[in-house]
Amino acid sequence: MEKILIQSYKSPVGELILGVFQNQLCLCDWKYRKMREAIDQRIKKGLQAEMEEGNHPILDQAKKQLEEYFDGKRRDFDLPILPVGTEFQQRVWKALQGIPFGKTNSYLELSQQLGDPNAIRAVASANGANAISIIIPCHRIIGLDGALVGYAGGIEAKKKLLQLEGVKLFQNQGQTSLF
């Protein structure tokens, strides 16, 4: 059986699991997220592979680019990626990649961009299923009112990522909002 080589990476905002399959990054996800087991199973089944600790140049490159991002020296990633999911999830993740550094979008705006304004819940679900966090920037999705809503790495990590990118945040009625 083929192997997905994985390593842990301690970022300034939380621990990530990185994974590479056939020279492509298929995993850059929060180690302690609620859906960890389900995400791993989806990736293993989709790639017909098992996960195993190991080294790989793509993992080294991913760590280097993440460090540059956290140091404020990188705005875009140029890693070969292999997102594993349904056709709809793939469309959502592709749209997420079009949101520029330092900008945000809402679930509604993203569902409208995908041609179905009624697909907000499906878009939110696909966003939450993203296993290549930060690189596929699901943290740039916010509530229509500007509130920071659900994030696999936790709201505090989302807040720090957006602040790193220069997005202005303020406190509003106990919730963190943008504006």
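Residues numbered from 1 in each chain as written. Predicted model: local features only at pLDDT ≥ 70, side-chain atom pairs only at ≥ 80, totals over all residues. Heavy atoms only, no water.

- The name recorded for the chain in an unreviewed UniProt entry is Methylated-DNA--protein-cysteine methyltransferase, from Algoriphagus aquaeductus.
- Looking at the chain in UniProt, the text filed under Subcellular location (unreviewed entry) is "Cytoplasm".
- Check the Sequence similarities (unreviewed entry) section of the UniProt entry for the chain; it says "Belongs to the MGMT family." (UniProt positions renumbered as here; feature names shortened; annotations may be inferred.)

**What to know about the overall build of the chain**
Part 1 of the argument: Along its length, the chain carries 6 helices and 8 strands.
Part 2 of the argument: In the chain, the succession of helices and strands from N to C terminus is β-β-β-α-β-α-α-β-α-α-β-α-β-β.
Part 3 of the argument: Relative to its length of 179 residues, the chain is compact, with a C-alpha radius of gyration of 16 Å against a globular reference of 16 Å.
Part 4 of the argument: Going through the 179 residues of the chain one by one, you find that 50% of them count as buried. (Helix = DSSP H or I, 4+ residues; strand = E, 2+ residues; numbered from the N terminus. Rg over C-alpha atoms; globule rule 2.2 N^0.38 Å. Buried < 20%, exposed > 50% of the residue type's maximum accessible area, 1.4 Å probe, protein only.)

**Let's talk about the domain arrangement of the chain**
Part 1 of the argument: Splitting the chain by domain gives domain 1 (2-71) and domain 2 (87-165).
Part 2 of the argument: With 16 residues of domain 1 in contact, the opposing surface of domain 2 contributes 20 residues.
Part 3 of the argument: Between domain 1 and domain 2, a total of about 1400 Å² is buried, with carbon and sulfur atoms accounting for 66% of that surface.
Part 4 of the argument: One can count 0 salt bridges joining domain 1 with domain 2.
Part 5 of the argument: The tally of links between domain 1 and domain 2 comes to 9 residue pairs in polar contact (both at pLDDT 80 or more).
Part 6 of the argument: Looking at the side of domain 1 that touches domain 2, the elements that each hand over two or more residues are β3 (24-30), α1 (36-47) and α2 (57-70).
Part 7 of the argument: Of the residues forming the side of domain 1 that touches domain 2, the biggest block, 6 residues, is contributed by β3.
Part 8 of the argument: Looking at the side of domain 1 that touches domain 2 residue by residue, the class counts come to 13 nonpolar, no polar and 3 charged. (Domains from an automatic or database assignment. Contact = heavy atoms within 4.5 Å. Buried area = accessible area lost by both parts, 1.4 Å probe. Salt bridge = Lys/Arg side-chain N within 4 Å of Asp/Glu carboxyl O. Polar contact = N/O pair within 3.5 Å; in protein donor to acceptor, adjacent residues only side chain to side chain. Nonpolar A, V, L, I, M, F, W, Y, C, P; charged D, E, K, R; others polar.)

**Regarding α2**
Part 1 of the argument: With 14 residues, α2 should cover 20 Å at 1.5 Å per step; its first-to-last C-alpha distance of 20 Å lies within 8% of that length.
Part 2 of the argument: Residues of α2 that are buried: Ile 58, Leu 59, Ala 62, Gln 65, Leu 66, Glu 68, Tyr 69 and Phe 70.
Part 3 of the argument: Positive backbone phi, approximately 80 degrees, marks Gly 72, located one or two places after α2. (Expected span 1.5 Å × (residues − 1).)

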